[in-house]
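Listed below are the residues making up each chain.
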Amino acid sequence: MHAPLNKSWFYLIPVVISILVIVVCSAVVSWQRLNSQIVSSNQDHCQLVAKSVSAYLNQLKIILNILVKQKQVTREFFYDLIDEKDSVTGFAVIQPDGWIAYTSSSGDRKLHINVLDSEFSRDSFLEALSSKDIVIGRTYRFKDKNLTGIPIRKAVYDGGMVKYVISVGAYVHYESWFNEGILNQVDIIEIFREKDFYRQIYLRTGAFPDRVYSTPLPKSEQDQLLTRVSANRKVLKAEQVFSFVDTHALDQQRYLKSFSYIPELKLWVGTYFLYDHLINQYIPILMTHIAVCILVLAGCFYAFWRIQNIHIQTQAQLIYQANHHPITHLPNRQYLYCEFDELVTGLERAFCFILLNINKYKNINDSHGEVVADHVLLELANRLQSVIPAKGHLIHLNADEFLLLLPKKICKKSKFLARLQNLLTMPYSYGMAKLNVSCRLGVVDYPHHGTELSELMLGAHIAMESALKEARFYNEFNPALSQAYKRQMLIEQSIAPAVEANEFYLVYQPQILRNGQIWGVEALLRWRNETLSNPGPDVFIPAAETLGQMPLLGAFVLEKALIDIKQLMSDIKLPVHLSVNISVSQLNHPEFIYELKKILLFTQFDPTYLTLEITESMLITEPEQTIKRLNILKTTGVLISMDDFGTGYSSLNMLAKLPIDELKIDKSFVDDVDDLLSHQKMIKNIIAIAKSYHMFVVAEGIEHISQYNILNQLGCDSYQGYYFAKPMSIDECIEYCRRKDDQSG
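All of these numbers come straight from a predicted model, not from anything done at the bench.

A. Just the packing of aromatic side chains, in detail. Applying the stated criterion across every chain, the model contains 23 aromatic pairs. Measuring from ring centre to ring centre gives 6.1 Å for Tyr 708 and Tyr 723, while their planes differ by 25°; the resulting arrangement is stacked. Of this pair, Tyr 708 sits in helix α24 (residues 705-714) while Tyr 723 sits in the loop between β26 (718-720) and α25 (730-744), and the two are 15 residues apart along the sequence. Ring-pair connections join several aromatic residues into one group, and the members of that group are Phe 192, Phe 197, Phe 242, Phe 244, Tyr 255, Phe 259, Tyr 261, Trp 268 and Tyr 272.

B. Region of interest: the packing of helix α23 (residues 677-692) against α24. In the contact formed by α23 and α24, the axes pass within 10 Å of each other and the chain directions differ by 40°. Judged on the interaxial angle alone, α24 and α23 are oblique. Viewed along their axes, α23 and α24 form a crossing whose handedness is right-handed. For the pair formed by α23 and α24, the contact residues are Gln 680, Ile 683, Lys 684 and Ile 687 on the first element and Ile 710, Leu 711 and Leu 714 on the second. Its residues assigned to classes, the contact of α23 with α24 shows 5 nonpolar, 1 polar and 1 charged.

C. A look at the side chain of Ser 718. With respect to the helices, strands and loops of the structure, Ser 718 is situated in strand β26. A relative accessible area of 0% means that Ser 718 is categorised as buried. Those residues in contact with Ser 718 that sit more than four places away from it in its chain are Gln 511, Ile 512, Leu 513, Trp 519, Phe 696, Val 697, Val 698 and Ala 699.

D. Just a nonpolar patch on the surface, in detail. Together, Ile 279, Ile 283, Met 287, Ile 290 and Ile 294 make up a nonpolar patch on the protein surface, roughly 410 Å² of accessible area in all. Residue position: Met 287 is located in helix α8 (residues 275-323).

E. Fine view of the pairing of strand β10 (residues 254-262). Across the 9 residues of β10, 8 count as buried, placing the element largely inside the fold. Relative to β10, strand β9 (residues 241-247) is paired through 7 bridges, and the arrangement is antiparallel. Residue pairing across strands places Ser 243 opposite Ser 258, the latter belonging to β10. In textbook terms, the turn of a hairpin is the stretch between consecutive antiparallel strands, and for β9 and β10 this stretch comprises 6 residues, one of which, Gln 252, has a positive phi near 60°. Between β10 and strand β11 (residues 267-274), which pair antiparallel one after the other, the connecting turn spans 4 residues, and Lys 266 there sits at a positive phi close to 55°.

F. Broad picture of the nonpolar core. One finds Tyr 508, Ile 565, Leu 578, Leu 610, Leu 612 and Leu 633 to be the most contacted residues of the largest nonpolar core, which totals 79 residues. Broken down by element, this core gets its largest block of residues, 10 residues, from helix α17 (residues 550-572). Once you skip the residues sitting within four places of it in the chain, Leu 612 turns out to touch Leu 558, Val 580, Ile 582, Phe 592, Leu 596, Leu 633, Val 638, Leu 639, Ile 640 and Ser 641. One finds Leu 60, Val 88, Tyr 102 and Val 269 within the second-largest nonpolar core, a separate group that totals 35 residues.

G. Broad picture of the sheet that holds strand β20 (residues 518-527). With respect to topology, 8 strands assemble into a closed barrel ordered β19-β20-β21-β22-β23-β24-β25-β26, the strand pairing being mixed. The average angle at which neighbouring strand axes cross in this sheet is 30°, direction not considered. The sheet contact formed by strand β25 (residues 696-700) and β26 spans 3 bridges and is parallel. What sits directly across from Val 698, in β26, is Ser 718.

H. Inspection of the pattern of salt bridges at higher detail. The full count for this structure, using the stated rule, is 21 salt bridges. As a salt-bridge pair, Lys 664 and Glu 522 come within 2.8 Å of each other at their nearest N and O atoms. Of this pair, Lys 664 sits in strand β24 (residues 662-665) while Glu 522 sits in strand β20; the two residues are 142 residues apart in sequence, bridging distant segments of the chain. Neither Lys 664 nor Glu 522 differs from the other in exposure class; each is buried. The structure contains a network of salt bridges with shared partners spanning Glu 522, Glu 613, Lys 664 and Glu 700.

I. Highlighting the environment of Ser 466. Here Ser 466 shows up in helix α14 (residues 453-469). Each C-alpha atom, one on Ser 466 and one on Gly 442, is 8.1 Å from the other, the two residues being 24 residues apart in sequence. Among all residues touching Ser 466, those that are not within four sequence positions of it are Asn 475 and Leu 481. A polar atom in the side chain of Ser 466 sits 2.7 Å from the side chain of Asn 475.

J. Geometry of unusual backbone geometry. Of note, the amide linkage connecting Tyr 446 to Pro 447 takes the cis form, showing an omega dihedral of 5°. Within the secondary structure, Pro 447 is located in the loop between β17 (439-446) and α14. Residues other than glycine seldom take positive phi values, yet Lys 266 does so here, at roughly 55°. By secondary structure assignment, the location of Lys 266 is in the loop between β10 and β11. Not every positive phi belongs to a glycine, and Asn 502 is a case in point at roughly 55°. Mapped onto the fold, Asn 502 is located in the loop between α15 (479-500) and β19 (504-513). Exposure remark for Asn 502: the relative accessible area of 62% places this residue in the exposed category.

Rules of the game
- Residues numbered from 1 in each chain as written.
- Predicted model: local features only at pLDDT ≥ 70, side-chain atom pairs only at ≥ 80, totals over all residues.
- Heavy atoms only, no water.
- Phe/Tyr/Trp six-rings, centres within 6.5 Å; stacked < 30°, edge-to-face > 60°.
- Helix = DSSP H or I, 4+ residues; strand = E, 2+ residues; numbered from the N terminus.
- Axes fitted to C-alpha atoms, helices over the stretch in contact; angles between N-to-C directions.
- Parallel < 35°, antiparallel > 145°, perpendicular 65-115°, else oblique.
- Left-handed = near helix turned anticlockwise from the far one by under 90°.
- Contact = heavy atoms within 4.5 Å.
- Nonpolar A, V, L, I, M, F, W, Y, C, P; charged D, E, K, R; others polar.
- Buried < 20%, exposed > 50% of the residue type's maximum accessible area, 1.4 Å probe, protein only.
- Patch = residues over 30% accessible without salt bridge, like charges linked within 9 Å, V, L, I, M, F, W, Y side chains within 5 Å.
- Areas by Shrake-Rupley, 256 points an atom, 1.4 Å probe, with all protein chains shown as cover.
- Salt bridge = Lys/Arg side-chain N within 4 Å of Asp/Glu carboxyl O.
- Pairing = 2+ DSSP bridges.
- Core = buried A, V, L, I, M, F, W, Y, C linked by side-chain atoms within 4.5 Å.
- Polar contact = N/O pair within 3.5 Å; in protein donor to acceptor, adjacent residues only side chain to side chain.

Pasting the structure below:
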């Protein structure tokens, strides 16, 4: 038998899903946290760059405003300024018509250069002519010096008219403009003009094309920036930074871009962080999450695997326990019913189905204790296993029953059964004690006596019960046994309905004194049932005992007999003793004495005329308890008779302890009393014993005058049997007693 798949594996699915969801969520949160950190850091760098650029250019703005306020600006003044400010590369004074008057590098020679002719200078010069504020021109590069400069222009007015325009070239000195830490933390710094999107400053690691200053920001990047600005107008205020991810046109790589706007300079400041760097930083974090996930999942799989194994082991253990006897560890009844077809398949086509019962195993358990009883079971199981062939099976059905499935050719051999009997009847030792245990076997042939398990079990049980009744070691099933068993079952099933249907009735057999007068009658129970052929007391009394119906039948007998004999004594005007048999189940019933008193009170019957007959067999088990019950029974005033005395159970010592008023000599001694001298001696001894204890003696089963004469000579007090009268109805008994009284009178 195999344990089913543990359903706990199905519970692993939601656990795995939950773990994956938690890990994914944790990874997403980690990504968001890292991304937020990078964005925040990039925005901080963007603000720092914006502040640096604004501070530097505002410083130049202040210088230009000072120059403009000077009444006389000389070349020497500009030279001093260049010497003091490393970031100032040069200057120029430009006439309103665009012609350069002089520069810091031209000396006294006249230059024939007009700034209106160059696209780099034209727009900013014209703007300076029309503005009273400084104007930042487009950035240019000195290719030979690998330098970048930014022209800053300011118009000088005289009488409301532009006198000239001062232009200062600001060298973009990255190390002084920007903190070294910023240059290491961002990949690109890009500053461009708001009005035309030309780059003012472009800084990145490694070389970059010269066209960065000659061409404006690509249209796609302009649109992306304007879209973000239109979505959040606050970014146009100073120190407001926003970020997004976009592709950079110059290298087609994705960057995290952060932008800040400088309103007074109308410049956009951007710091770019390469998105691949962000991913590279996230990969170790992601790998950590994946590793944790794998470890947790592995732990879960291991835990569930362990749970599954424990469950399988537990399931297998429970199945084993359910299918095996706890003491002998042999397969049990459950196993037999589940695996019978498989067992039959493994056997030969014909085999013996042998049911074994331990006689009175409960007595061993009650008298010696469970430990000894368990030892007997183990020893018996070991003995049985020693004779079971390889193709046979041994099954422990319940406490005192075993089942043997053996090849027919083995169990049909008389030597095997004789060997088995010798083996099982050997004493069972436990410590210093030696126990003799007897067994009974019922043998059934498969498939001759049946193929279904229920048929085989019933047949084996019937054969075993037959062996028990016949005191044989084993008995083989046959149809006649089945018929007898079915009749017995039918009788047992019909007892309770028969009580309700008043099918039970009483007959009475008179008891005669030595002088021929009526002494009393014995009430005998009969069953009138034509369907069952009127079963006799020897059939239905044991059945009623087995079914626990004797207290009910006994109460019926007592009440009915007392009423009848009360009526008899009233009719014949003579005292008559009534004898009623009681069973061990009646005597041991806790309500028996109470019910007896109630019936005596109800019928107003004198208890001194009531004799309750017990058998010697009642003294076999718990004799002290039985004596105690009899002494209590005596307090009701009734007499007690021992029926069937002389069958061998009672000892003289026991007889002295019993509150007995009467001994009844068993019919088995009376039958051959006129032929066997030994029986005469036995009866003489019984009478002598009774007289020594002042007991009344009754002999039953007298059928011939010769028996009566011998018993009369031996000194019996009263006689009962067919020689005097057969059992009869109460009406017939009344008439008989009248005639007997008339004859004696």
